[in-house]
Amino acid sequence: MGRRRQAYKLEKRGNGIWYVVGTTPDGRRVHRSARTRSRKAAAQRLPLIVEQVEVGARATFSEVTNTPLEELLAAWLTSAATEVASAQGDGSLFETYARHFLRFFHTTERICDEVAIEQYKEHRLGQVQATTLRGELSALRRLHRWMKKRKLLSALPEVPKVPKRAIGTPHKLGKRKIIKLSPAEMDAILAHLPEVTRKGYPVRDFVTFVRETSLRPSTVFGLRAPHDYEPGARLLRIRGENDKARFGRDVPITDRARKAIDSRFPCDGTIFPEFDCRDVLREAARTAGISAHRASKVSIYDFRHGRGTEWGRTGNLIGIAYLMGHKHVTTTKEYLHSNLEEAQAVLFPTSFFTSPGEAAPTTAELIAQATEMIGCGREDSNLHEFYLTRSLV
């Protein structure tokens, strides 16, 4: 005797996906995914599933282009270059995401399938930290919106969110620890750096500029002449697209920083060419007397942290955040490290916004510099500070 036919109904599984459950007229048991976590969407899809499953077909909720996934991802990265540009402005982060997508999904149909996306989330949580996965899933949502806008996808699939308590899997080597460098140690390393590397890169001027300005190395590499700086200027322009936090602003620079960047002129275009200075920096640290263990791990980012700590003695977190490119002072606090020198600075305070032996520029001098540019008031929504911006010809 055949199995008694049951009415089709919706059931929710442990992964949050809704399934259509029932029995066909010929007695076949049905357990078909609705490919959604929304009960409302599942209820709307139920009639289509029932209709198609009883004739042995597979339910299709969203029409997807048959373009090969590799070609689709390449087109997405190319046409949406401005939107998906990474913090450095070159889109490399999203290229990495695209490689992960291609390696896991293989086909365009699977990258739009909610069950496959759920499997991707679980798979990646076993490989990376939750924060990394959130970035990947955000990029996947961008891809789906891009496809729908170009009518390559009829309906947006639901991309799950990473649970708030999820941790994921940390990298086996762990996060790199900052090497805390005192002002004296940073200057000692600079003194032992060659002017240029074996390949001719201006390593001493580059490290000096980062040590003085505390700018991100990627931002320094992205500086362009004459748009961002002209020889002798007291203000340096940081374009929003050249900043990790998209924080466009004008920052004052010290005489020492100005001397380092002026040495790169005359030039038209890139001021500091991008290069890897780790080896030469660590060799200089060993020569400067830094312990072998610390010297072997020194990075250009340690100079950014060191300068931030140096400035921290002023107690002006809003000003430091502005100079370092932080929209939130809570981020700036992570760059301030306690040490013996800081304890001594409490008892013997001095000015740290200038280099040794250098007089701080007066307000009149800065205003005179700004009058040569187009200045306008602007208020940042996070720092709530008033500052000048300019437009360079």
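Values in this document were obtained by computation on a predicted structure and should not be read as measured data. (Residues numbered from 1 in each chain as written. Predicted model: local features only at pLDDT ≥ 70, side-chain atom pairs only at ≥ 80, totals over all residues. Heavy atoms only, no water.)

Another aspect to go through is helix H10 (residues 255-262). Here H10 has its buried residues at Ala257, Arg258, Ala260 and Ile261. All buried residues of H10 project into a common sector of 160° when viewed along the axis, lining one side. The inward-facing, buried residues of H10 abut helix H8 (203-213) and strand E5 (235-238). (Buried < 20%, exposed > 50% of the residue type's maximum accessible area, 1.4 Å probe, protein only. Helix = DSSP H or I, 4+ residues; strand = E, 2+ residues; numbered from the N terminus. Arc of directions from axis to C-beta. Contact = heavy atoms within 4.5 Å.)

Regions with low pLDDT carry predicted coordinates that are not meant to be interpreted in detail. Averaged over all residues, the pLDDT of the protein equals 81, while 78% of them reach at least 70. Within the protein, no element has a lower average pLDDT than strand E9 (residues 386-389), which sits at 40, and none a higher one than H8, at 97. When the criterion is pLDDT under 50, residues 1-5 qualifies, and its contacts beyond four places in sequence or with other chains add up to eight contacts. Across residues 57-61, where pLDDT falls below 50, the model places 21 contacts with residues more than four positions away in sequence or in other chains. (pLDDT = per-residue confidence, 0-100.)

Attention now moves to the pairing of strand E1 (residues 9-12). Of the strand pairs in this sheet, E1 and strand E2 (residues 18-23) are connected by four bridges, and their pairing is antiparallel. Residue pairing across strands places Leu10 opposite Val20, the latter belonging to E2. The antiparallel pairing of E1 with E2 creates a hairpin that spans five residues between the two strands, and Gly16 there sits at a positive phi of about 90°. (Pairing = 2+ DSSP bridges.)

Take unusual backbone geometry next. Cis geometry is adopted by the peptide bond preceding Pro226, which originates at Ala225 and carries an omega value of 5°. Looking at the element boundaries, Pro226 is found in the loop between strand E4 (224-225) and E5. Following Phe265, the chain continues to Pro266 via a peptide bond in cis, the omega torsion being 5°. Its location among the elements puts Pro266 in the loop between H10 and strand E7 (269-270). Its identity as a non-glycine residue notwithstanding, His106 has a phi of 70°, on the positive side. The exposure class of His106 is exposed, given its relative accessible area of 55%.

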